[in-house]
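Architecture at a glance
One-letter residues, chain by chain:
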2 protein chains.
Amino acid sequence: MSERPQPPVADAVITELVVCTTCRPEGASRDAPAAGATLFEAVQHAQFDLPAEALRRVRVRGQACMSACGRACTVALQAPGKPSYLFGDLQPDAATARDALRCAAMHAEAADGQLLRNQRPERLRNGILAKLPPHGAQATG
Amino acid sequence: MSERPQPPVADAVITELVVCTTCRPEGASRDAPAAGATLFEAVQHAQFDLPAEALRRVRVRGQACMSACGRACTVALQAPGKPSYLFGDLQPDAATARDALRCAAMHAEAADGQLLRNQRPERLRNGILAKLPPHGAQATG
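The following refers to the structure shown. For clarity, every value in this text was computed on a predicted model and none was experimentally measured.

**Considerations on the overall build of chain A**
- Along the backbone of chain A there are 2 helices and 5 strands.
- Counting from the amino terminus, chain A carries its helices and strands in the arrangement β-α-β-β-β-α-β.
- When each of the 141 residues of chain A is scored for burial, the buried share is 46%.
- If you take every contact in chain A between residues at least 6 apart in sequence, the share linking residues at least 24 apart comes to 69%.
- In the form shown here, chain A has an accessible surface area of approximately 7,300 Å², with 51% of it arising from carbon and sulfur atoms.

See the structure below:
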């Protein structure tokens, strides 16, 4: 019996889950680590809680500031040819981290990258800050 | 004498200026046209006020909703391999339209797509809502 060949990941569209590492909720102490750094850490850990197969097309990346400082914590999802999403008002905890990864996997698996609100994981159902259309030159649909 | 050949635009990076056409400031009447539609119209007209050369790498595009409804009017700038920007709290008038086009031209001409606040045209100096990094697979820098 031969194994069914898997398409190489390089051929697939990779969704980036970008976590702002400098996000601090208004009034948060500057002496403590930034909430964004805490969330980034949580997302990195949470990758080991989810099936590797689900995250095959997901890459996690930290970014110092995404200019949505009034709505900390924030994460973005983006992939060539798909809409980009930015979510804010997130708690820097394990539940948010898992839901952000699950949502990134949904974005990666959906050919059009559309994320309907009522299908998104709970922590990313509210707090959408922006949805940018795919760049025209990249749009496939 | 031979003319100096211009590189074809298809080879250049095109910056999209995306104008939300459904933006309505809070409390605005639903009986009047959406402020976003007014801004989109103004941007289309303003293209004729600027030198064609400056807009060679700029494409204008209307988009029904970018999910930043609380910060109407909104426009986005995006190009493959460059950071995406979203601006809000914009007035739907000719001055905003011209500044948005000028800012799009700056984004197109800058190899790294970076837009420093104090170099941006006046109407886009405040009201930045988001800056997403270029997708890792596309980043050139």
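**Concerning the relation of the copies chain A and chain B**
- Aligned on chain B, chain A shows an RMSD of 0.0 Å; the corresponding rotation is 180° and the shift along the axis is 0.0 Å. Here the transformation between the copies is reduced to the relation of a two-fold axis.
- Interface overlap between copies is the fraction of interface residues in one copy that are interface residues in the other; for chain A against chain B it reaches 100%, indicating a shared surface.

**Examining the side chain of Ser 84 of chain A**
- Turning to its location among the elements, Ser 84 of chain A is positioned in strand β4 (residues 84-87).
- Aside from chain neighbours lying at most four places away, what touches Ser 84 of chain A is Leu 77, Gln 78, Ala 130, Lys 131 and Leu 132 of chain A together with Leu 132 of chain B.

**A short note on the interface of chain A and chain B**
- Across the contact, 26 residues belong to chain A and 26 residues belong to chain B.
- Considering only the surface of chain A that becomes buried against chain B, Leu 132, Pro 133 and His 135 of chain A emerge as the three largest contributors, covering 31% of it.
- At the junction of chain A and chain B, the tally comes to 0 salt bridges.
- Between the two partners, chain A and chain B, sit 10 residue pairs in polar contact (both at pLDDT 80 or more).
- Looking at the side of chain A that touches chain B, the elements with two or more residues in it are β1 (15-20), β2 (58-63), β3 (75-78), β4 and β5 (128-132) of chain A.
- For the side of chain A that touches chain B, the leading source of residues is β5 of chain A, giving 5 residues.
- Taken together, the residues of the side of chain A that touches chain B sort by class into 16 nonpolar, 7 polar and 3 charged.

**With respect to the environment of Arg 59 of chain B**
All names here are of chain B.
- Tracing the chain through its elements places Arg 59 in strand β2 (residues 58-63).
- We classify Arg 59 as partly exposed; its relative accessible area is 39%.
- For the pair Arg 59 and Leu 101, spaced 42 residues apart in sequence, the C-alpha separation works out to 9.3 Å.

**Some details on the packing of helix α1 (residues 35-46) of chain B against helix α2 (residues 94-109) of chain B**
Residue and element names in this part refer to chain B.
- Orientation of α1 relative to α2, taken along the N-to-C sense of each, is 60°, at an axis distance of 8 Å. Considering only the axes of α1 and α2, their crossing is right-handed. Two secondary-structure elements touch here, α1 through Leu 39, Ala 42, Val 43 and Ala 46 and α2 through Thr 96, Ala 97, Arg 98 and Leu 101.
- Along the lines of polarity and charge, the residues of the contact of α1 with α2 split into 6 nonpolar, 1 polar and 1 charged.

**Section: the pattern of salt bridges**
- The tally for this structure, following the rule as stated, stands at 10 salt bridges over all chains.
- Across the pair Glu 16 of chain A and Arg 61 of chain A runs a salt bridge, and its minimum N-O distance is 2.8 Å. Highlighted residues: Glu 16 of chain A in strand β1 and Arg 61 of chain A in strand β2, separated in sequence by 45 residues.
- Under the relative-accessibility criterion, Glu 16 of chain A is labelled buried at 6%.
- Taking the shortest distance from any N to any O, the salt bridge between Glu 53 of chain B and Arg 56 of chain B comes out at 3.4 Å.
- On the accessibility criterion, Glu 53 of chain B (48% relative accessible area) is partly exposed.

**Details of the pairing of β2 of chain B**
All names here are of chain B.
- Sheet topology places strand β1 (residues 15-20) next to β2; 6 bridges connect them, and they run parallel. In the sheet register, Thr 15 faces β2, and the bridge partner there is Val 58.
- The parallel pair β1 and β2 is bridged by α1, and the resulting crossover is right-handed.

Criteria and thresholds
- Residues numbered from 1 in each chain as written.
- Chains lettered and ligands numbered in written order.
- Predicted model: local features only at pLDDT ≥ 70, side-chain atom pairs only at ≥ 80, totals over all residues.
- Heavy atoms only, no water.
- Helix = DSSP H or I, 4+ residues; strand = E, 2+ residues; numbered from the N terminus.
- Buried < 20%, exposed > 50% of the residue type's maximum accessible area, 1.4 Å probe, protein only.
- Contact = heavy atoms within 4.5 Å.
- Areas by Shrake-Rupley, 256 points an atom, 1.4 Å probe, with all protein chains shown as cover.
- Least-squares fit on C-alpha atoms with pLDDT ≥ 70 in both.
- Buried area = accessible area lost by both parts, 1.4 Å probe.
- Salt bridge = Lys/Arg side-chain N within 4 Å of Asp/Glu carboxyl O.
- Polar contact = N/O pair within 3.5 Å; in protein donor to acceptor, adjacent residues only side chain to side chain.
- Nonpolar A, V, L, I, M, F, W, Y, C, P; charged D, E, K, R; others polar.
- Axes fitted to C-alpha atoms, helices over the stretch in contact; angles between N-to-C directions.
- Left-handed = near helix turned anticlockwise from the far one by under 90°.
- Pairing = 2+ DSSP bridges.
- Right-handed = clockwise from strand over helix to strand, strands pointing away.

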